[in-house]
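# A closer look at the structure
Each chain is listed here by its residues.
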Amino acid sequence: MAPVTPQNEPIPTYRIDLSLAPSERYKSMATDLAPKMRALRPLFDEVLSGFIAWHPLRLLVEFVASLLLRRVYSSEETAELKGIERASGVSLYFLVALNVLLDSLLGCTSGGVLVKGSRKRMGEKWRNDGMMHFRTLDWDMEGLRSVIVVLEFVRSGSEDPERVIARTITYAGFVGVLTGVRKDLSLSLNFRPNHDCSTLSLRAHQMLVLFGFRPSIASLLRSTILPSSPGQGIPPLSDSTLHLSSQRTAPCYLILCDGIRTTIIGKDLSDASIRTSSTFIVQTNHDTIPITGHPWRYDPHGHNPENDPDAWFEESVERMGCIQKRWTALQRRHGHNQAQGKTGEDEQPMVRQEMLKGWIRTFPIMNECSHFGAIMAPQTGTIRFLERGSEKYFEESES
């Protein structure tokens, strides 16, 4: 397995030049991180062991996968993966599996909150920095922590070759998008363990994605934040919401923010629910409203993960409640200050960025499975805060 990465080790940043041929874009990153990427190969057997106890059968499944997993839906992304394979020495089937299966079983906390900027003098109102997109990503696979990277996408052949088009927080070898930001749009994906569609139709969709006949949700998010045309701009948040809601995807939660409002799309295979806020909103890994119009029921024997679904559900509720409680307390303080007529008080509650960092770092928002915590600012297209998690990371009070 990959070595355990200390929490204070910096997360490296690589520039990905979209003007290069797809097979050349990730060469520098894959070369630098090749030893760590090759050390991840046991993860494939680790994932299979959760379903197949007999080791010889797992070896057979891995051999079959090496023959069948040769591409993803996008020809461009397939070419990128082949370039990574040559530069890193990691087998293509492993990279394909990583790219189509990584969005499964991610325990995440994502949302948006209105953030204060600065003020010139005491008594003046705080400057509104707009909504910022907070995000933690949890997964119980320690080895992946060692290959977390930030990617900055540029086009050297454009009129402004140094301009960063978009930034993503991801894993070396993963060419889709789970967490990303560009000017006027940030997005993240949370795993949704239950589904309302039939299990048969969901498994059929997952097989089509696995063998490259349909795009994965991470590929769809990539095309949302990285349009294929160099001069193509980002559509309004409402258009992106409508487009992603209508796509056929595995169940998940999609969190989008344009700096003015944050939208959460609860996706089923074909259906979706949408909720939006211009002050505060949060999503973990359980439904808060029905997806298809039927009351949502938590069913530990049905649509939820087979591996201790009760614990999964309770942990998700605990994470959401933890950060919701802090926002509610902030609202109460704000209302009290307004009632007292304190000067410089804002018309609506806002959180300072440093306080938001404290919220993210608080257990159980950040926990032993957290790979990273981040704050993204879509108004500027930047990552304001990024911190690597650690298996021994616990902090039970706000900074």
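Residues numbered from 1 in each chain as written. Predicted model: local features only at pLDDT ≥ 70, side-chain atom pairs only at ≥ 80, totals over all residues. Heavy atoms only, no water.

### Quick notes on the nonpolar core
One finds L144 and L254 to be the most contacted residues of the largest nonpolar core, which totals 69 residues. Sort the elements by how many residues they give to this core and helix α6 (residues 92–101) lands first, with eight residues. Residues contacting L254, with those up to four places away along its chain left out, are S188, L189, I217, L221, L244, T263, I264, I265 and K267. In terms of nonpolar packing, the next biggest core, distinct from the first, is built from 20 residues, V113, M132, W359 and M366 among them. (Core = buried A, V, L, I, M, F, W, Y, C linked by side-chain atoms within 4.5 Å. Buried < 20%, exposed > 50% of the residue type's maximum accessible area, 1.4 Å probe, protein only. Helix = DSSP H or I, 4+ residues; strand = E, 2+ residues; numbered from the N terminus. Contact = heavy atoms within 4.5 Å.)

### So, unusual backbone geometry
Negative phi characterises most residues that are not glycine, and trans characterises most peptide bonds. Residue P364 is reached from F363 by a cis peptide bond, and omega for that bond is 10°. When you line up the elements, P364 lands in the loop between α11 (353–361) and β12 (370–377). In this structure, D184 is a non-glycine residue whose phi angle is positive, near 75°. Topologically, D184 is positioned in the loop between β6 (179–182) and β7 (185–191).

### Quick word on the sheet that holds strand β4 (residues 148–154)
Strand order in the open sheet formed by eight strands is β1-β4-β5-β6-β7-β8-β9-β10, with mixed pairing between adjacent strands. Lying at the two open borders of the sheet, with one neighbouring strand each, are β1 (13–17) and β10 (272–277). With direction set aside, neighbouring strand axes in the sheet form an average angle of 20°. As paired strands, β7 and strand β8 (residues 252–257) are joined by six bridges and run antiparallel to one another. Each bridged residue has a counterpart across the sheet, and for F191 the counterpart in β8 is C252. Docked against the sheet, helix α8 (residues 217–225) engages β5 (166–171), β6, β7 and β8, running at close to 175° with respect to β7. Most of the contacts of helix α9 (residues 237–246) go to strand β9 (residues 262–267), to which it runs at about 5°, and overall it touches β7, β8, β9 and β10. (Pairing = 2+ DSSP bridges. Axes fitted to C-alpha atoms, helices over the stretch in contact; angles between N-to-C directions.)

### Comments concerning empty space enclosed by the protein
One way to see where empty space is left: roll a probe the size of a water molecule over the atoms. Taken as a whole, this structure holds four cavities of 30 Å³ or more when the rule is applied. Considering only enclosed or pocket space, the largest cavity measures out at about 80 Å³ in volume. Lining the largest cavity we find 14 residues, and of these V72, E77, V100, S216 and S219 sit closest to its centre. Of all the elements in the fold, those that place two or more residues in the lining of the largest cavity are α5 (75–88) and α6. (1 Å grid on protein atoms, 1.4 Å probe; cavity = no way out; pocket = protein on both sides within 12 Å on 5 of 7 lines; lining within 4 Å. Points joined across faces, edges and corners; volume = space filled by probe spheres on them.)

### Some remarks on the pairing of β4
Counting buried positions along β4 gives seven out of seven residues, so the element sits mostly inside the fold. Residues of β4 alternate between two faces, with I148, V150, E152 and V154 on one and V149, L151 and F153 on the opposite face, all of them buried. Bridge count for β4 against β5 is six bridges, and the pairing is antiparallel. Residue pairing in the sheet places V150 in a bridge with I169 of β5.

### Here's the deal with the side chain of T179
Turning to its location among the elements, T179 is positioned in strand β6. A relative accessible area of 0% means that T179 is categorised as buried. In terms of polar contacts, T179 uses its side chain to reach the side chain of R135, at 2.8 Å. Each residue touching T179, except ones within four places of it in the same chain, is listed here: R135, L137, R167, T168, I169, L187, S188, F372 and M376. (Polar contact = N/O pair within 3.5 Å; in protein donor to acceptor, adjacent residues only side chain to side chain.)

### Some thoughts on the pairing of strand β2 (residues 107–116)
Taken across its 10 residues, β2 has 10 buried, putting it largely inside the fold. Judged by which residues are buried, β2 turns out to be covered on both faces: G107, T109, G111, V113 and V115 on one side and C108, S110, G112, L114 and K116 on the other are all buried. By the bridge criterion, nine bridges tie β2 to strand β3 (residues 128–138) in an arrangement that is antiparallel. Across the sheet, residue C108 finds its bridge partner in β3, namely L137. Direction of pairing for β2 relative to strand β11 (residues 280–283): antiparallel, over a ladder of four bridges. Counterpart to G112 in the pairing with β11 is I281.

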